[in-house]
Amino acid sequence: MKIKVCGLKHPENIKAVAALQPDYAGFIFYGKSPRYMANLAAGALQTIPASIKKTGVFVNESSENIDRLVTEYGFNAVQLHGDESPEFCAAFKGRVTVIKAFGINEDFDFEQLKDYANNVDLFLFDTKTKEYGGSGKTFDWAILDQYKLDIPFFLSGGVGLENIKEVKNITHPQFYGVDLNSRFENEPGLKNIEKLKEAFKIIKNKIQQMKYGVNEQGYYGDFGGAYIPEMLYPNVEELREQYLNIINDDDFKAEFDDLLKNYVGRPSPLYHAKRYSEKYGANIFFKREDLNHTGSHKINNAIGQILLAKRLGKKRIIAETGAGQHGVATATVCALMNIECVVYMGEIDMVRQAPNVARMKMLGAKVVPATSGSKTLKDATNEALRDWIGNPVDTHYIIGSVVGPYPYPDIVARFQSIISQETKAQLLEQTGKELPQYVMACVGGGSNAMGMFYHFIEDEAVKLVAVEAAGKGVNSGESAATTALGDEGVLHGSRTILMQTEDGQVVEPYSISAGLDYPGIGPQHAHLFKTGRGQYVSITDEEALQAGLLCCQLEGIIPAIETAHALAQLEKMKFEANDNVVICISGRGDKDLDTYINYFGY
Amino acid sequence: MNRLNKLFASKNNNLLSIYFTAGYPALNTTVDIAEALEKSGADFLEIGFPYSDPVADGPTIQHSSEVALENGMSLKVLFEELAELRSRVSIPILLMGYFNPIAQYGVERFCKKAAEVGVDGIIVPDLPIYEYEKMYSSYFIDNGLSNIFLVTPQTSEERIRKIDELSNSFIYLLSSSTITGYNLKLSDSVEEYYKRITAMKLKNPTIIGFGITDSSSFTKACNYANGAIIGSKFVKLLGEEGYMDNIEGFVKGIRP
């Protein structure tokens, strides 16, 4: 849900409101309004960050005046609150966001909006008064059911702390945002920042319904949910109830940001890989998650979840790990926070990844071998879940990927989303454009890919390329190419796509890279795949190893074999010369030296 | 009214239920074992169908599931074996297993087939209430199958009420928040939990499961519920040689 704060006129107050980061800030140019901003200098608006749309509100003003004021004050949007015609609105469309406001009462005829549909970007529905709004009263929101057009709308009129929870329950598909004004004031035009803060908190704790995002039931389209036995229900329910409150809290954000900066070493660089760019005929950028403390993106999530666990009052941490990267990241943050840590790891993986087992032990974690089933990552996950069943009160389970029952896929995606958040800003700085043509990443469960995609998902012009591990070949019988080989089903608590037999038994995957050796993918990936929003491809062991070596030789970077899968996909892409391509270098290759050495014989 | 409802209408205490995994220790033993259990006095049975990733189960049942899968057990094979169920066994039968095999078989097809071979109820630990109600309940109801929900000491009163409302045969009370195969310790908090459930005066009978291993824990459980279920302990017996001859002794040892 978007938030618009309207009726601003005092410079200091404007700054304080802007610091809350609403989506729109409204300035009223109507002489009869007590919130008329006539005395406000244009310069007062320059301090407002670009992410906030500065909106001029006009009532039956001449188009020449509006034109002039848009230029003078740098408005990004105009809200036309009088009797402006569709043609009048159309004149501004394309230049600024056009919001047409209507006063609503029980007699309002929504049919009249049809003529405006192609001429405005948004509607704003306010309570009908003689004075063109500003009444501080609500209208009966049930009337909104009569609105059937596909233009999104703001809800305005009398929204206050008393009724904001009811606003959150509005499920109209075009409900775009809420307009906050007179109920959040000390006097007309002077906003009460504390009240606004409270409202922002309530509103932002609602899941924002986006096309490819999660809904309130934990589903991404057909995928997700929480298919868990009753024994896990209280644990998962506690998380579901609390996670948004906690992670949107200012204290939490401050601590998380501080650790990411000063402990992990963020922001990670966005490196313009010039020799790669030359070779592949496009601007190739590496997002260097390999430079994080502990050597991969996994630490982002581990830091976020340990802070979450602390605020939930948990005394003990459990985790699963495949290659050991997530186990090491979890053991690291547990040492940092002085919390007991138990890591489950498949017995076979413990042999394959012995150095990481030693690392975890040095960091003070207890590493428990998973001896059931195939003795790899999926069985380690089963053992961690069993532990959690037996320890429902004091233990938090730090899942390492965007998998598991809701809310885990959303929690992990949010903590990893820092990757694309930084990328956008870095691209803007380096290329002048924040959107690239392609973002690419490897996918096991899919956490680095989800972090790399997160802030680009709703920008459909950006192509998302996810690279799975084909192992010895998709049809070799030894593969981890989940979308190519899998079907819909339920794995580790969520409905997703997984590799399974006709009888619904989970198939053990194979990849040379332990981090991609997982029979499922996160439910949001399943959704991106099924809707066609993301392109899911696969790369064999051999292609990945060759690509890893190439990266060493062209750019002086030894990538993790997981990452090398994403790099190998570059060989198969056809780029235009000006394309900007970002590829997530999810981890460094030190842990894979033995594998590289055995293959290339160095 | 299915066989389960009839059973609870005629008898409301000391009910003994036994769980075993189909296909363990060998194929084509399901109906033999069921028949022997009925003859030995068990009141109703839970037949488990195996899954590769049984997160709610401890080592004993996990092992039985692995062996059953290696033996070639699947829902298809199980339904073939159960074709002769009702010519040999008359006590109520529940099928118990994880959701993914059912989803692949097709939930509607699964329910139809279960009803056709004479199954009375289904226990799917990882099928949540929300999904059951929203997507699948009609298949269960249309086929006269009871869906059994689990309740743990951590389940809220509100949720227990909801479960009571959705249930139409019995509610499966877990002795503690645990996976299968651990001994029941009747601590004060467990006793308090049972008393809390009793005080709620639910419309459905309750049966206690997980951690019931012998006559003593069975008797204790029956103080607080209409009966109890034994699983891992019996599955262990099936792993021993000559198990068919020992079934009667096992059952009589639990409830003389």
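Model, not experiment: these values are computed from the prediction.

## With respect to the packing of aromatic side chains
The way to describe two aromatic rings as a pair is by their centre distance and the angle between their planes. All names here are of chain A. Taken as a whole and judged by the stated rule, the model has 52 aromatic pairs over all chains. When the ring of Tyr24 is compared with that of Tyr176, the centres are 6.3 Å apart and the planes differ by 70°; the resulting orientation is edge-to-face. Of this pair, Tyr24 sits in strand E2 (residues 24-29) while Tyr176 is found in strand E8 (residues 175-180), placing the two residues 152 residues apart along the sequence. For Tyr176, a relative accessible area of 22% gives the class partly exposed. Each ring, one from Tyr271 and one from Phe286, has its centre 6.1 Å from the other, and the planes form 65°; the classification is edge-to-face. Of the two residues, Tyr271 sits in strand E13 (residues 270-272) while Phe286 sits in strand E14 (residues 283-288), which places them 15 residues apart along the sequence. Overall, the relative accessible area of 28% leaves Tyr271 in the partly exposed class. Among the aromatic residues, those joined into a ring-pair cluster are Phe102, Phe108, Phe110, Tyr116, Phe123, Phe125, Tyr147, Phe153 and Phe175.

## Remarks on the sheet that holds strand E1 (residues 2-6) of chain A
Residues and elements named next belong to chain A. Strand order in the closed barrel made by the 8 strands is E1-E2-E3-E4-E5-E6-E7-E8, with parallel pairing throughout. Between one strand axis and the next, the sheet turns by 30° as a mean value, whatever way the strands run. Direction of pairing for E1 relative to E2: parallel, over a ladder of 3 bridges. Looking across to E2, one finds that Val5 is bridged to Ala25. Of the strands in this sheet, E1 and E8 touch helix H5 (residues 193-204), which is tilted by about 160° from E1.

## Observations regarding the interface of chain B and chain A
The partner chain A presents 36 residues to the 37 residues of chain B that form the contact. A buried area of about 2,800 Å², summed over both sides, lies between chain B and chain A, and 52% of it is on carbon and sulfur atoms. Where chain B touches chain A, the interface holds 2 salt bridges. The salt bridge involving Glu230 of chain A is made with Arg159 of chain B; its shortest N-O contact spans 2.9 Å. Inspection of the region where chain B meets chain A yields 19 residue pairs in polar contact (both at pLDDT 80 or more). Elements with a contribution of two residues or more to the side of chain B that touches chain A: helix H3 (59-71), helix H6 (99-105), helix H8 (129-142) and strand E6 (150-151) of chain B.

What counts, and at which threshold
- Residues numbered from 1 in each chain as written.
- Chains lettered and ligands numbered in written order.
- Predicted model: local features only at pLDDT ≥ 70, side-chain atom pairs only at ≥ 80, totals over all residues.
- Heavy atoms only, no water.
- Phe/Tyr/Trp six-rings, centres within 6.5 Å; stacked < 30°, edge-to-face > 60°.
- Helix = DSSP H or I, 4+ residues; strand = E, 2+ residues; numbered from the N terminus.
- Buried < 20%, exposed > 50% of the residue type's maximum accessible area, 1.4 Å probe, protein only.
- Pairing = 2+ DSSP bridges.
- Axes fitted to C-alpha atoms, helices over the stretch in contact; angles between N-to-C directions.
- Contact = heavy atoms within 4.5 Å.
- Buried area = accessible area lost by both parts, 1.4 Å probe.
- Salt bridge = Lys/Arg side-chain N within 4 Å of Asp/Glu carboxyl O.
- Polar contact = N/O pair within 3.5 Å; in protein donor to acceptor, adjacent residues only side chain to side chain.

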